[in-house]
Structure formats: structure tokens, C-alpha cells
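Observations on chain architecture
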Amino acid sequence: MNTFQFINPAKILFGRGQVAKIKDEIPEYGRRILLLYGGGSIKKNGLYDQVTRALSEIPGAHVVELSGVEPNPRLTTVNKGIELIKQNDLDFILAVGGGSVIDCAKAIAVGVHYEGDVWDIVTNKAIPTKAVPIGTVLTISATGSEMNGGSVITNWAENDKRFFVSNHTFPKFSVLDPEITASVPKDQTVYGIVDIMSHVFEQYFHDSSKAPLQERFGESILQTTMEAAPKLIDDLHHFEYREVIMLNGTFALNGILSMGIEADWATHMIEHAVSAVHDIPHGGGLAILFPNWMEFVAAKKPVKVAQLGIRVFGIEAENRKDSDLAAETIRKLREFWSSLGAPSKLSDYGINDSEIDLMAERAMVAETIGNYVPLTKKDVESILRNSI
Ligand code: NZQ
Ligand code: ZN
């Protein structure tokens with residue numbers, strides 16, 4: 001294994017009824033609260049009432065709201081939040097939503113303490129040294145943002161979507177009540193499942209054969225997700241399936257799978273580039289791109305794709321070549337995601353090949369991207385072309 005440091009200070013409050021506990025958690029950090037949320041799903045499912053009731057029980061609490069955080073949250077909204085915090089002298093951010101709301105909260109949190117343009121931080125030109133403390137109430141299982149320090153922000157004016165990671169932006173606490181996710185519609189539920197599995201893939205495809213525990217953690221997240229997912233899609237209100245998916249989502253990207261290995265992340269960079277140009281849902285983009293990325297890398301290095309197939313998709317290895325096993329793995333992955341109702345081609349979102357060059361350019365945050373098989377811009381163009 002590579003040498004590594006592991007830190008994860010996020011406190012998890014898991015299960016039914018945990019939203020009420022925010023009244024005990026928040027006063028440890030502040031009482032002048034920015035309540036941040038998205039486009040209104042929390043008003044429809046009753047969560048807004050639960051949250052505001054709990055906040056009203058904090059003596060001396062002062063709450064300012066910012067709603068309308070977009071899926072694929074925008075830099076403009078981050079800047080609005082920074083202004084609101086400064087104008088109202090707020091000292092805590094409560095993010096109630098999915099990855100988009102939580103990521104927006106993280107960028108606001110570091111932007112308040114940075115004199116320049118917060119986009120410098122998002123693009124890693126400046127390193128944050130301080131952040132406003134954040135708490136979250138998670139409403140959709142997907143990104144893992146509730147238990148990591150990462151944030152992904154879109155600069156729509158420049159068609160750019162970038163991420164930063166900081167130890168200062170770990171949520172102080174995250175409430176994970178699976179019941180809240182019962183109102184997530186089918187398409188978003190599927191995108192979340194694809195995102196969770198993709199996070200495992202990104203951290204599974206590396207060269208080390210010396211991280212067996214991390215690999216087995218990843219495989220168990222994949223297996224339990226794949227067991228629960230079809231049942232959940234048939235019964236979106238089933239508490240226990242929601243519960244399994246929620247915990248899996250959080251553990252797929254809280255750092256444990258990356259201990260001592262060099263993760264890949266090329267497919268995420270390509271997906272972020274597609275979303276930056278076409279504003280499609282993150283999980284939808286991954287469902288299209290990941291099998292095509294796997295096909296591309298398996299042509300050069302099939303061994304890990306074959307291992308995934310044997311261990312997770314139950315493929316019989318007997319006397320078969322890795323390339324053959326890899327091809328079957330990719331076919332089974334495509335079948336599984338399609339059976340849930342995930343998209344399989346960029347043209348499903350009306351995307352044609354006219355902007356392949358721009359998307360590939362945006363994906364190339366370095367000379368090559370990814371580690372399992374480092375990709376050049378030409379490689380990325382080829383993966384995108386195969387995904388149309
Ligand atoms: O805005 P509202 O009205 O709340 O509706 C949202 C939104 O339209 C809806 N939704 C969420 N919870 C719901 C619900 N609808 C009904 N009932 C509920 N309980 O779902 C839609 C999508 O929400 P969003 O927050 O955008 O989804 P997700 O959690 O998938 O977040 C996606 C963003 O996270 C980034 C993605 O790139 C994308 O910008 N990522 C963040 C990561 C991180 N911070 O670690 C890693 C990921 O790989 C990812 O890149
Ligand atoms: Zn993701």
C-alpha cells in the first residue's frame with residue numbers, strides 16, 4: 001500500500017426521527033444559521049417543516065434562508081450564499097438536500113473566509129484555510145458529500161464544472177434518515193444508485209494488488225447495492241431498501257476505499273465535463289460513460305475488469321482469458337443499469353457529436369487524466385464518441 005493518512009470527523013446520525021436532533025447539534029457551533037436548500041422538494045415531503053420546527057427549539061436561533069440551489073450547483077448561487085452570510089453575520093450553514101445543496105454549502109463555507117473569487121478555490125488555485133461550520137440533512141443517496149470534504153461547482157458562464165477537496169469542509173454532522181429519501185422519484189433514485197456504484201469503480205480500478213481489504217469493502221458495497229437496487233426500484237417507499245442504499249452511498253465515498261491506493265476518477269472528470277456543457281444529471285452521465293470507459297481500458301488492461309466480473313457479477317472464470325471475462329463483465333453491467341431504467345447513450349439526452357472537442361477539453365484538467373490507464377485528450381474524445 002502507499003503511505004496514507006485517514007481522517008473523517010463527520011458525525012453521522014442515522015435512522016428514523018434523527019432530524020429532531022439538529023437542535024442539539026447546531027448550538028455547539030453557532031446560532032446564526034444559513035438554511036440552504038434546493039428547488040422545493042423539502043417543502044413537498046414535509047422535511048422543511050421538520051427542520052424549521054427543530055430550529056425553532058434552539059434558544060436564540062436566527063435563521064436566514066437561501067433556496068433554489070440547482071442540481072449541478074452554480075457559482076452564482078455560491079456567491080449569493082457568501083453575501084448573505086457576510087451581510088447577516090451568520091456562523092453556521094445547515095444544508096438540507098442532496099449532493100448539490102451540500103456541495104454549494106461547502107463552497108460558501110470556504111468562500112466567506114477568502115478575499116478573492118471563490119472560483120480560485122474550486123479550481124484549486126487557492127487552498128482554503130478556514131470554513132464556516134456545516135451540518136447536513138441528506139435527502140437523496142448518491143454522492144457521499146454528507147461524509148466527505150469534496151465539493152463540485154459549475155461555472156455555467158464558462159461551461160466548466162470543477163471540484164475541490166478540503167479537510168475544512170467535512171460536515172460537522174450529517175443526518176441520514178432513509179425515510180426522507182422515500183420521496184425521491186424513480187429516475188433520481190436510479191442516478192443515485194449508479195453514482196454510488198461508480199464511486200466504488202473509481203476507487204477499485206488501480207494497479208495495486210496490495211489493498212485487499214479496501215477492494216473487499218468496495219465489492220461488498222457493490223454487492224449489497226446490487227441486491228437492494230432492483231427491489232427498491234420496484235418499491236420506492238420501502239424503508240429497508242432505502243436504508244441499505246443510504247448507508248452504501250455514504251461509505252462509497254467517505255475515504256475508506258481510497259486508503260493506500262491511487263484512485264482513477266477519469267470517468268468522473270469526463271462526466272463533469274459533459275454536465276458542464278449540457279447540464280445533465282451526474283448519475284445519468286455516469287451510466288452512459290462508465291461502461292464505455294471500461295471497454296476502452298479493458299482493451300489495454302482487462303485484468304481488473306475481469307476480477308470485478310468474477311467477484312461481483314458471479315462470472316465463471318474457468319479457462320477463460322481476461323479479455324473475454326472483461327467483455328462479459330461490461331455486458332452484465334450495462335444490462336444491470338438498463339434493467340433499472342438508466343440511460344445508455346448520450347443521445348438519450350439529445351447530445352450529439354458536435355461538442356465532443358469542447359467536452360474533452362474541459363475534462364482534461366491535466367495532461368492526462370485517470371490512473372488505471374492514463375487517458376489523453378484523444379482517448380477521451382474516443383470514449384465520448386463511443387458514448388453518443
Ligand atoms: O432541488 P430539489 O427540489 O430538492 O430536488 C432535487 C433535485 O432536483 C431532487 N431531490 C433530492 N432529494 C429529494 C429530491 N426529490 C424528492 N425527494 C427528495 N427527498 O433530486 C434532484 C437531484 O438532487 P442533487 O442534489 O442534484 O443530486 P445528487 O445528490 O446526485 O448531487 C449531484 C451533484 O453532486 C456532485 C455532482 O457532480 C452533482 O453536481 N457530486 C458531488 C460529489 C461530492 N461532493 O463528493 C461526488 C460526486 O461524484 C458528484 O460529482
Ligand atoms: Zn459521482
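As the structure is a prediction and not an experimental result, all values here were calculated from the model. (Residues numbered from 1 in each chain as written. Chains lettered and ligands numbered in written order. Predicted model: local features only at pLDDT ≥ 70, side-chain atom pairs only at ≥ 80, totals over all residues.)

Turning to the site of ligand 1, a few remarks are in order. Near ligand 1, the surroundings consist of 35 residues, among which Gly38, Gly39, Pro71, Gly98 and Gly99 are the closest. The set of elements that each furnish at least two residues to the shell around ligand 1 consists of helix H2 (41-44), helix H5 (99-111), strand S6 (150-155), helix H7 (186-204) and helix H11 (282-298). Ranked by the residues each element gives to the shell around ligand 1, the list is headed by H5, at 4 residues. Taken together, the residues of the shell around ligand 1 sort by class into 9 nonpolar, 24 polar and 2 charged. The two domains that each donate at least three residues to the shell around ligand 1 are domain 1 (11-180) and domain 2 (185-387). (Near = placed C-beta within 6 Å. Helix = DSSP H or I, 4+ residues; strand = E, 2+ residues; numbered from the N terminus. Nonpolar A, V, L, I, M, F, W, Y, C, P; charged D, E, K, R; others polar. Domains from an automatic or database assignment.)

Let us look at the UniProt feature "domain: Fe-containing alcohol dehydrogenase-like C-terminal" (unreviewed entry) in the chain. The positions that UniProt labels "domain: Fe-containing alcohol dehydrogenase-like C-terminal" (unreviewed entry) are, in the present scheme, residues 189-387. Helix makes up 65% of residues 189-387 and strand makes up 0%, while its end C-alpha atoms are separated by 22 Å. (UniProt positions renumbered as here; feature names shortened; annotations may be inferred.)

Moving on, we come to the UniProt feature "domain: Alcohol dehydrogenase iron-type/glycerol dehydrogenase GldA" (unreviewed entry) in the chain. In the UniProt entry, the feature "domain: Alcohol dehydrogenase iron-type/glycerol dehydrogenase GldA" (unreviewed entry) is given for residues 9-178. For residues 9-178, the end-to-end C-alpha separation is 21 Å, with 29% helix and 25% strand making up the annotated structure.

A few words on the sheet that holds strand S8 (residues 173-176). Within a beta sheet, neighbouring strands are joined by backbone hydrogen bonds and run either parallel or antiparallel to one another. The parallel open sheet is built from 6 strands, whose spatial order is S1-S8-S5-S4-S2-S3. At either margin of the open sheet sits one strand with a lone partner, and together these are strand S1 (11-14) and strand S3 (62-66). Adjacent strand axes in the sheet meet at a mean angle of 20° when their direction is disregarded. With 5 bridges connecting them, strand S4 (residues 92-97) and strand S5 (residues 134-138) associate as parallel partners. Looking at S5, one finds that Ala95 is bridged to Thr136. (Pairing = 2+ DSSP bridges. Axes fitted to C-alpha atoms, helices over the stretch in contact; angles between N-to-C directions.)

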